[in-house]
Amino acid sequence: MDKDMNENLKVIITDCDHDSIQIEKDVFEKAGIPVELKQCRTEEDVIRDCQDADVFIVQYAPITRKVMEACPKLKYVVRYGVGVDTVDVPAATELGVQVGNVPDYGMNEVADHAIALSLAMLRKIVPMNEQTKTKKWDYTTAIPVHRFSDQTCGVVGLGRIGRNFAQKMHALGFRVIGFDPYFRETNETAVYVTPVTFDELVKESDIISLHCPADGNKDLFNEKTFRDMKDSALIVNVARGGIINEDDLLEALKAGEIGGVALDCMLGEPVSPDNELFRQENVIVTPHMAWYSEEAASELKRKVAEESVTFLEGKPIRYPVNKPEKQRS
């Protein structure tokens, strides 16, 4: 597309908490497409400030039916990240608005963070660090700790990240089992993960790592699930808040129905330090940072911009979330 024609197009970053958008600017400048950064928090903010955009790049702003109907030029919404929870995808499809994301920018980072949390819990790193620095030098208070090759790791969700995690945990010696209703086993995956039912995974796993979407999996781990797990079993959530029922989780931890949990994702983020889960000794929490590395952050910013340019030049995008029957003109 001619650069002069591109100047009639416009991309708006509806909201962004990054220190800089220089990476995005560089991509758009090369294509001759104007880009602006807003800081919209509500529907009203987006409708007021983003009327003239052909493309939205979104972090947290709500892109609802009301927003899309009020922004008639809008043709494409792409999100910084994987989840599109704040975008009304069915409405977008009906209105002819393409939705996209970047599902592969932090694949290794999320899997690696889940591994770090898993190993920290299994080797009891956090309590032993605290005890050794403030109380006494005594490994016996960590008893029991088991070797990895004698333990079963369950993976819920076998998409890109889940498979990455499973492959690495297998390399560390774990028996790895997985549940995903959409997973199709291949010769390659058969080497490192064995598909099982959800009930089998819950009952057999010594540690369970969540890599499934929030949509369709609300309260997947609840009072019943915790009762069915081993009393010593551990859970890692680097997926989304809401997959674990946090009220039921707290009760299960207090009752000793499970061994512990590591959470990178919770409901109502940012979560108050007063949350009662944070007062439990067998809980590790990180602030939704599994996706992050300097390299992943740069890759994400570059890819949302490149996807926007690709779309505006009339080429197929790499990461479509929906398939509108008729595109907005």
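Below: a short report on this structure. Since we're looking at a predicted model, the values are computed, not measured. (Residues numbered from 1 in each chain as written. Predicted model: local features only at pLDDT ≥ 70, side-chain atom pairs only at ≥ 80, totals over all residues. Heavy atoms only, no water.)

### Re the overall build of the protein chain
This is how the line gets drawn: The helix count covers DSSP runs of H or I at least four residues long, the strand count covers runs of E at least two residues long, and both are numbered beginning at the N terminus. The size measure is the radius of gyration over C-alpha atoms, and the globule rule it meets is 2.2 Å times the number of residues to the 0.38 power. Buried residues are those whose accessible area, probed at 1.4 Å on protein chains only, stays under 20% of the maximum for their type, while exposed residues exceed 50% and partly exposed ones sit between those limits.
Counting secondary structure elements, the protein chain contains twelve helices and twelve strands. Rg of the C-alpha trace for the protein chain: 22 Å, near the compact-globule value of 20 Å for 329 residues, within the 12% margin. When its C-alpha atoms are laid out on the principal axes, the protein chain stretches across 70 × 45 × 35 Å. Looking at the protein chain as a whole, 50% of its 329 residues are labelled buried.

### Digging into the environment of Val97
For the record, the criterion: Whether two residues touch is decided by their heavy atoms; if any such pair falls within 4.5 Å, the residues are in contact.
For Val97, the position within the fold is in the loop between α5 (89-95) and β5 (98-100). Taking C-alpha positions, Val97 is 20 Å from Lys38, a pair spaced 59 residues apart along the chain. When near neighbours in sequence (up to four residues on either side) are disregarded, Val97 contacts Met68, Leu74, Lys75, Tyr76, Val77, Ala92, Asn322, Pro324, Gln327 and Arg328.

### A word on the sheet that holds β5
The condition is simple: What makes two strands pair is DSSP finding at least two bridges between them. The axes are straight lines fitted to the C-alpha atoms, using for helices just the contacting stretch, and the angles between their N-to-C directions are given from 0 to 180°.
Spatial ordering of the open sheet is given by β2-β1-β3-β4-β5, a layout of five strands whose pairing is parallel. On the outer flanks of this sheet lie β2 (35-37) and β5, each paired with one strand and no other. Mean inter-strand twist for the sheet, computed between neighbouring axes without regard to direction, equals 15°. Bridge analysis of strand β4 (residues 76-79) against β5 gives three bridges, and the strand direction is parallel. Across the sheet, residue Val78 finds its bridge partner in β5, namely Gly100. Where helix α12 (residues 294-312) meets the sheet, its contacts fall on β1 (11-13), β3 (55-58), β4 and β5, and the angle it forms with β4 comes to roughly 165°.

### Here we look at the pattern of salt bridges
For the record, the criterion: Each salt bridge in this description consists of a side-chain nitrogen of Lys or Arg and a carboxyl oxygen of Asp or Glu lying within 4 Å of one another.
Taken as a whole and assessed by the stated rule, the structure comprises 24 salt bridges. Arg65 is paired through a salt bridge with Glu69; the nearest N and O atoms lie 3.7 Å apart. Taken together, the residues Arg65 and Glu69, both in helix α4 (residues 65-70) and four residues apart, mark about one turn of the helix. In this structure Arg65 comes out as partly exposed when scored by relative accessible area, which is 30%. A salt bridge links Asp85 to Arg240; its shortest N-O distance comes to 3.6 Å.

### Remarks on the pairing of β4
Applied cut-off: The path from the first strand over the helix to the second decides the hand: if it runs clockwise while the strands point away from the viewer, the crossover is right-handed.
The two faces of β4 match: Tyr76 and Val78 on one face and Val77 and Arg79 on the other face are all buried. Where β3 and β4 come together, four bridges link them in parallel fashion. Bridge assignment links Ile57 to a residue of β4, and that residue is Val78. Crossover connection from β3 via α4 to parallel β4: handedness right-handed. Handedness of the crossover joining β4 and β5 through α5: right-handed.

### Some remarks on the packing of aromatic side chains
Condition: Two aromatic rings from Phe, Tyr or Trp, using only the six-membered ring of Trp, form a pair when their centres are within 6.5 Å; if the ring planes differ by under 30 degrees the pair is stacked, by over 60 it is edge-to-face, and anything between is tilted.
Scanning the entire structure with this criterion turns up six aromatic pairs. Here Phe148 and Phe174 contribute two aromatic rings whose centre-to-centre distance is 4.7 Å and whose plane-to-plane angle is 20°, an arrangement assigned as stacked. Here Phe174 lies in the loop between α8 (160-171) and β7 (175-179) and Phe148 lies in the loop between α7 (125-134) and β6 (152-156), a separation of 26 residues in the sequence. You'll find Phe148 and Phe174 in the same group, each marked buried.

Shape descriptors only; they carry no functional weight alone.
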